[in-house]
Amino acid sequence: MRRTAKYATRPLNRGKRGLLHQLIESFARLKDIALRRLARTREWDFLDGTWHDFRDEMKAHYRKGVPVHLQDQAVKDAVQTMRRWIDAAIEHAHLRRRIFVRFAGEQRHYAFWLLTSYERIGAVLRGEAPVPMFDVRPPERREAVRLLRRLLRRSLGKAPRVRLRRSMALDSSLYRVFEHNGHLYLSLASLSEGKRLVLPLRGRGRISGDIRVVFDAGRGTAFVHMAYAVRASAQPATGPAVGLDAGVTEVLAASSGEKYGQGYGLLLDRLSRETTETGKARNKLFQIAKKAEERGDTAKASRIRRQNLGRRKLQAKRRRGEAAVRTLVGQAVRQALRSRPQLVAVEDLSHLRGRTKSRRLSRIVSRWARSALRERLEFRTEAGRSRLETVNAAYTSQTCASPTCGFVHKENRHGDRFHCLQCGQDGDADVVAGLNLLARVDDPDIHLWTPMERVKAILEERFRRRWETATQDSAATVSSVASGQDRACTAAPLVEPRASRPETMVLPMTVTEHRSRLGSTDAAGVQPS
């Protein structure tokens with residue numbers, strides 16, 4: 001696990017801005033050439049090995065006057081960019097989940113084997129079916145290749161290119177950090193032999209290893225990004241295991257009953273409302289400017305676009321909103337993992353995207369800091385030496401968490417409240433979901449990629465078996481009591497106390513039948529006698 005520290009420079013003069021721009025342009029030019037060559041799938045064998053082999057192939061494109069190490073870093077950055085692009089496409093298309101659901105046996109093994117090599121992925125995109133070392137029939141190979149090729153081509157899109165030439169990657173041989181008069185400076189190798197480009201840095205810090213320099217032409221400053229490894233705790237985690245359910249009202253709800261990140265829903269709702277109001281106001285101003293331009297009043301139209309339809313303030317407002325969301329998410333994760341639990345069970349957050357039934361809810365969900373939440377969970381669990389497990393979250397908020405019940409139905413949940421139609425258990429729906437997430441960590445039947453239909457069938461079958469077992473136990477108890485009564489005395493009937501009567505579980509039927517069998521309940525969920 002690695003994190004990124006950012007260091008800003010003080011405002012740069014015109015000369016330094018020009019030299020830095022030329023340096024980044026030289027870096028971006030060679031990186032773009034490398035990306036265009038790597039866009040051909042037959043070159044993807046270079047992605048499996050080290051980048052040095054591809055660097056030797058790119059030597060013919062090196063330019064004189066540009067530091068050789070800088071051009072090496074451009075080639076290395078291109079190789080890493082292509083790898084990230086392919087890996088992101090595989091994750092975005094949920095290929096591993098689809099393979100697990102679609103195939104079985106050696107065909108599933110073959111499909112997963114294809115994804116373990118970039119060269120084999122390139123062959124799949126060309127319609128080829130590589131032959132593995134294990135036995136799998138040719139028709140099964142072709143079927144797996146057809147599925148992967150269709151999904152990959154749809155997910156990959158266009159190959160990456162260098163669009164915004166504003167950053168470059170440097171290793172330790174291309175820069176030097178020194179201090180002068182209490183200020184920190186970054187000295188870079190420039191395009192002029194024997195000359196260095198010195199960038200004054202704000203604040204203090206420790207810069208070493210591979211870095212990335214990002215130039216912001218609008219502000220006239222640059223930022224230095226440095227990745228470093230996270231230090232894990234020396235002591236192992238000893239806290240109790242916990243299941244964490246991500247929500248919209250609050251950031252996290254724990255299986256222990258606590259909730260973290262209160263006010264999260266209010267924050268998301270406010271940001272969503274501000275986005276709607278700002279968009280409506282900007283649309284009105286845009287129409288006013290358009291009508292003014294049609295009338296020939298170009299001065300008014302230009303004034304409105306310049307003073308009221310700018311992007312700088314809008315983007316700054318959006319950044320402040322996203323920063324507020326990230327801050328609240330970070331605080332919630334820190335509080336939830338303060339006890340350093342041995343095991344943390346969470347749901348897969350990658351599916352929380354796209355449209356929902358409500359346009360407003362879609363906008364709120366789009367404000368979810370999914371990547372921030374996942375990153376903070378991974379960072380905190382690794383730093384605290386906790387085990388993070390991602391489990392299948394299907395029906396976790398609709399299933400009774402009682403080990404003697406387990407009844408699943410959508411009517412069990414009403415908003416944020418949970419009330420089991422079978423056993424009458426009440427609770428918070430998110431807390432119940434956290435309990436079920438924790439219970440699925442070692443579930444032998446429900447895996448991360450098990451389809452929802454299969455999950456529901458498994459849960460219903462388990463409930464049916466509990467119902468049959470409880471029915472048999474109840475019948476045995478009644479028979480035993482009756483036999484004892486016959487042997488003791490047949491004159492006076494014995495009435496069993498209400499508290500000791502065995503309760504019989506109800507076989508899954510319709511919601512109406514359940515409610516009629518359970519009878520009416522009061523506000524506290526207690527069935528009247």
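Above: the structure in question.
What counts and what doesn't
Residues numbered from 1 in each chain as written. Predicted model: local features only at pLDDT ≥ 70, side-chain atom pairs only at ≥ 80, totals over all residues. Heavy atoms only, no water. Phe/Tyr/Trp six-rings, centres within 6.5 Å; stacked < 30°, edge-to-face > 60°. Lys NZ or Arg CZ within 6 Å of the ring centre and 35° of its normal. Axes fitted to C-alpha atoms, helices over the stretch in contact; angles between N-to-C directions. Helix = DSSP H or I, 4+ residues; strand = E, 2+ residues; numbered from the N terminus. Parallel < 35°, antiparallel > 145°, perpendicular 65-115°, else oblique. Contact = heavy atoms within 4.5 Å. Nonpolar A, V, L, I, M, F, W, Y, C, P; charged D, E, K, R; others polar. Patch = residues over 30% accessible without salt bridge, like charges linked within 9 Å, V, L, I, M, F, W, Y side chains within 5 Å. Areas by Shrake-Rupley, 256 points an atom, 1.4 Å probe, with all protein chains shown as cover. Salt bridge = Lys/Arg side-chain N within 4 Å of Asp/Glu carboxyl O. Lys, Arg positive; Asp, Glu negative; His and termini not counted. Charge placed at Lys NZ, Arg CZ, Asp CG, Glu CD. Core = buried A, V, L, I, M, F, W, Y, C linked by side-chain atoms within 4.5 Å. Buried < 20%, exposed > 50% of the residue type's maximum accessible area, 1.4 Å probe, protein only. Pairing = 2+ DSSP bridges. Expected span 1.5 Å × (residues − 1).

**A few points about the packing of aromatic side chains**
Then, number 1: As enumerated under the stated definition, the model contains eight aromatic pairs in all.
Then, number 2: These aromatic residues form a ring-pair network of at least three members: Phe100, Phe112 and Trp449.
Then, number 3: Lying over the aromatic face of Phe100, Arg108 brings its terminal NZ or CZ to 4.3 Å of the ring centre.
Then, number 4: The ring of Trp113 is capped by Arg120, whose NZ or CZ atom sits 4.0 Å from the centre of that ring.

**Focus: the packing of helix 9 (residues 264-295) against helix 11 (residues 312-336)**
Then, number 1: Direction vectors running N to C along helix 9 and helix 11 enclose 170 degrees, while the axes themselves pass 10 Å from each other. Comparing their axes, helix 11 and helix 9 come out roughly antiparallel. Contacts between helix 9 and helix 11 involve Tyr264, Leu267, Leu268, Leu271, Glu274, Thr278 and Arg282 on the former and, on the latter, Leu314, Lys317, Gly321, Ala324, Val325, Leu328 and Val329.
Then, number 2: Residue composition of the contact of helix 9 with helix 11, grouped by class: nine nonpolar, two polar and three charged.

**Topic: a negative patch on the surface**
Then, number 1: Taken together, the side chains of Asp45, Asp48, Asp53 and Glu119 make up a negatively charged region of the molecular surface.
Then, number 2: Assignment of secondary structure puts Glu119 in helix 7 (residues 118-125).

**Description of the nonpolar core**
Within soluble globular proteins, side chains that are nonpolar tend to cluster in buried spots.
Then, number 1: Leu20, Trp44, Met168, Leu170, Leu186, Leu188 and Ile211 are the most contacted members of the largest nonpolar core, which totals 73 residues.
Then, number 2: The contact partners of Leu188, leaving out residues within four places of it in the chain, are Leu20, Met168, Leu170, Leu174, Tyr175, Arg196, Leu197 and Leu199.
Then, number 3: In terms of nonpolar packing, the next biggest core, distinct from the first, is built from 23 residues, Ala246, Leu252, Leu268 and Val346 among them.

**A word on the sheet that holds strand 3 (residues 175-180)**
Neighbouring strands of a sheet are bound in pairs by backbone hydrogen bonds; such pairs are parallel or else antiparallel.
Then, number 1: Strand order in this open sheet of three strands is 3-4-5, and the pairing throughout is antiparallel. The sheet is open, and its two borders are formed by strand 3 and strand 5 (196-201), each paired with just one other strand. The sheet shows a mean angle of 25 degrees between the axes of neighbouring strands, direction not considered.
Then, number 2: Two strands pair when backbone bridges link them, and strand 3 and strand 4 (residues 183-189) are joined in this way by six bridges, in the antiparallel orientation. Each residue of the ladder has a partner; that of His180, found in strand 4, is His183.

**Overview of helix 4 (residues 68-92)**
Then, number 1: Between its first and last C-alpha, helix 4 extends 36 Å over 25 residues, near the 36 Å set by a 1.5 Å rise per residue.
Then, number 2: Looking one or two places after helix 4, you find His94, whose phi comes out positive at around 55 degrees.

**Describing unusual backbone geometry**
Then, number 1: Unlike most non-glycine residues, Asn181 shows phi in positive territory, near 55 degrees.
Then, number 2: Following the sequence through the fold, Asn181 ends up in the loop between strand 3 and strand 4.
Then, number 3: We note that Tyr395 has phi near 65 degrees; this positive angle belongs to a residue other than glycine.
Then, number 4: Its location among the elements puts Tyr395 in the loop between strand 12 (387-391) and strand 13 (413-414).

**Section: the environment of Ser26**
Then, number 1: Residue position: Ser26 is located in helix 1 (residues 14-38).
Then, number 2: Take Ser26: its relative accessible area is 10%, and that puts it in the buried class.
Then, number 3: Filtering out sequence-adjacent residues up to four positions away, Ser26 remains in contact with Val66 and Leu191.

**As for the pattern of salt bridges**
Then, number 1: What the rule picks out here adds up to 32 salt bridges.
Then, number 2: Residue Glu143 pairs with Arg102 through a salt bridge whose shortest N-O separation is 3.8 Å. Remark: Arg102 occurs in helix 5 (residues 95-102) and Glu143 occurs in helix 8 (residues 138-156); sequence separation between them is 41 residues.
Then, number 3: Residue Glu143 is classed as partly exposed on the basis of its relative accessible area of 28%.
Then, number 4: Its relative accessible area of 47% is what places Arg102 among the partly exposed residues.
Then, number 5: Two residues, Arg137 and Glu140, come together in a salt bridge whose shortest N-O distance is 3.0 Å.
Then, number 6: Note on Arg137: relative accessible area 54%, which makes it exposed.

**Topic: helix 13 (residues 370-383)**
An α-helix turns once every 3.6 residues. As a result, residues three or four positions apart point the same way.
Then, number 1: If you check helix 13, its first and last C-alpha atoms are 20 Å apart, about what 14 residues at 1.5 Å a residue would give, namely 20 Å.
Then, number 2: Tucked into the core, helix 13 has its buried residues touching strand 1 (2-8), strand 8 (242-246), strand 9 (252-254), helix 11, strand 11 (343-347) and strand 12.
Then, number 3: Just past helix 13, the residue Arg385 takes up positive phi, approximately 60 degrees.

**As for the sheet that holds strand 15 (residues 426-428)**
Then, number 1: Spatially, the three strands line up as an open sheet ordered 13-14-15, and their pairing is antiparallel. The two strands at the open ends of the sheet, each matched to only one other strand, are strand 13 and strand 15.
Then, number 2: Here strand 14 (residues 417-419) runs beside strand 15; their pairing, made up of three bridges, is antiparallel. Each residue of the ladder has a partner; that of His419, found in strand 15, is Asp426.
Then, number 3: Of the strands in this sheet, strand 13, strand 14 and strand 15 are in contact with helix 14 (residues 429-439), which crosses strand 15 at around 90 degrees.

**Examining the side chain of Thr381**
Then, number 1: Mapped onto the elements, Thr381 comes out in helix 13.
Then, number 2: Setting aside residues up to four positions removed in sequence, Thr381 forms contacts with Leu337, Val344, Ser386 and Leu388.

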